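# Fold and geometry: a report
The chain contents come next:
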Amino acid sequence: MKNNRGLVVLGGQWGDEGKGRIVDALAKDFKAVVRFQGGNNAGHSLHIGEQSVVLHLIPCGIMRPDKICVIGNGVVLDPEVLFAEMALLESHGIKCSPNNLKIAKNAHIIFPFHKLLDAQREEGAHNFIGTTKRGIGPCYEDKVARFGIMACDLLSKEILSKKLSSVFHERRLSIDMESLLMKALAYGDRLRPYLCDAGEVIEDILKKGESVLFEGAQGTLLDVDHGTYPYVTSSNCVAAQASVGSGVGMKWLDEVWLVSKAYCTRVGEGPFFTEVSAQEQDHFRKVGFEFGATTGRPRRCGWLDLNALKYAVRINGATGLVLTKVDILSDLSDLKVGIGYRSKNHKNLGFMDALELHMQGHTIDVEYLDLPPMDKMPESVNKFSDLPRSAQKICELIEKHAEVAVKLISFGPKRGQELLLSAC
Ligand code: IMP
Ligand code: MG
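Structural notes, computed from the coordinates. All values reported here derive from a predicted model rather than from experimental measurement.

## Considerations on the packing of helix α3 (residues 112-123) against helix α4 (residues 136-145)
Direction vectors running N to C along α3 and α4 enclose 115°, while the axes themselves pass 7 Å from each other. α4 is crossed by α3, and the crossing has right-handed handedness. Only Ile136, Pro138, Cys139, Glu141 and Asp142 of α4 make contact with α3, whose side of the interface consists of Phe113, His114, Leu117, Asp118 and Arg121. Classifying every residue of the contact of α3 with α4 by side-chain character gives 5 nonpolar, 1 polar and 4 charged.

## As for the coordination of the magnesium ion (ligand 2)
Taken together, Asp16 (OD) and Gly43 (O) make up the protein donors of the magnesium ion (ligand 2), found 2.1 to 2.4 Å from the metal. Taken as a pair, Asp16 in the loop between β1 (6-11) and α1 (19-26) and Gly43 in the loop between β2 (32-35) and β3 (44-48) lie far apart in primary sequence, 27 residues in all. Its relative accessible area of 13% is what places Gly43 among the buried residues.

## Thoughts on the site of ligand 1
Near ligand 1 lie 16 residues; those nearest to it are Asp16, Asn41, Thr132, Thr233 and Arg297. Contact distances for ligand 1 include 2.6 Å between an oxygen atom and a side-chain N or O atom of Thr132. Side-chain polar atom of Gln218 to a nitrogen atom of ligand 1: 3.1 Å apart, as the coordinates give it. Taken by itself ligand 1 offers 470 Å² of open surface, and the protein chains cover 96% of this. Class assignment of the residues belonging to the shell around ligand 1 gives a composition of 6 nonpolar, 8 polar and 2 charged.

Scoring rules and cut-offs
Residues numbered from 1 in each chain as written. Chains lettered and ligands numbered in written order. Predicted model: local features only at pLDDT ≥ 70, side-chain atom pairs only at ≥ 80, totals over all residues. Heavy atoms only, no water. Axes fitted to C-alpha atoms, helices over the stretch in contact; angles between N-to-C directions. Helix = DSSP H or I, 4+ residues; strand = E, 2+ residues; numbered from the N terminus. Left-handed = near helix turned anticlockwise from the far one by under 90°. Contact = heavy atoms within 4.5 Å. Nonpolar A, V, L, I, M, F, W, Y, C, P; charged D, E, K, R; others polar. Donors = N, O, S within 2.8 Å, 3.2 Å for Na, K, Ca; no water. Buried < 20%, exposed > 50% of the residue type's maximum accessible area, 1.4 Å probe, protein only. Near = heavy atom within 4 Å. Polar contact = N/O pair within 3.5 Å; in protein donor to acceptor, adjacent residues only side chain to side chain. Areas by Shrake-Rupley, 256 points an atom, 1.4 Å probe, with all protein chains shown as cover.

Set out below in structure tokens:
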């Protein structure tokens, strides 16, 4: 990585592309790692040596003691989860302190009533999205409606009582405000040393000539503007959000790497054009361990969708692609890659148009390319030609159809099981 530059690493599908382990691998060459959207709806699984940790809120850079981790203003923060995650990390010998963890004072806070509202809405008959029930949507709603509560509001009893009264009024809540207030103030005391102007902290690092990695959560197709609305999360997950959600000007963000699995998965409801039959999903679930890292739900599985990926490359202005979980395709007797969509009356449909037709009740047919079954991954992979032929072919197809260069490939869950094809 060139000096004083920002690299954004984010999901090119519906999340769970393996961003966490990629951020962990790349972080060694960066000074800081920044989360800029979402909250603990994310689940980043890391397998380092003998240790396995799932991080939901703290940036994956925390696994390296010399990195500064920043939770930006675009994140919605549940203090209960934050402190539990810090304790979990501590039990693994990883210490979080105000020296290596910085939190934007203007990040919005998730309260227990947000989780309750999220769950109640999911249990109702309308608007079933299949959320993680972590209170993410309701917290962002309060933020946009301008009665949200920021981390710095937890530092003053006077301000917090006023703001809580306002949310209680707007939301017509009838729960005990006093106990909520006292609990939130106690969290405020613990948060105080971590709070800062995150954008300033990040820019100082960049100005010193160091590089910063921006760690996306969820994925492009879950973006509230560009995803499969309404089956999306409540934040922008795309690259531009790295600037908005961290308070750093766009001039610092010059590389965007999109992470994609060699197949597709999604958790929750919503369109998924290359989804396969229940029987075929079994292989992906068993071998690829496709169960939600946050909720444990089985993920829906299907073939790599290059039309959707092409869309994600464009929306994010991706400068590179990271292909993960290539190894999971070995042992499949049938191997396919989706390269286009058509419907009864239309050929060569783009992702957006296909989505619109699908929402109107039309069937979207996917055009597939069949590939020869993929050989097992060799013991060691040091160069592109070490990869099984079908894995090489998938990379070529990505470059041709999605119009992006494959920069990094991972072929196992452990740190080190990745091949860098081109430096960032
Ligand atoms: P919410 O973000 O909890 O509101 O959930 C909205 C949708 O996004 C649901 O379909 C969730 O399953 C999905 N989702 C949220 N976070 C993640 C993630 O980190 N990985 C995969 N799917 C996610
Ligand atoms: Mg995940």
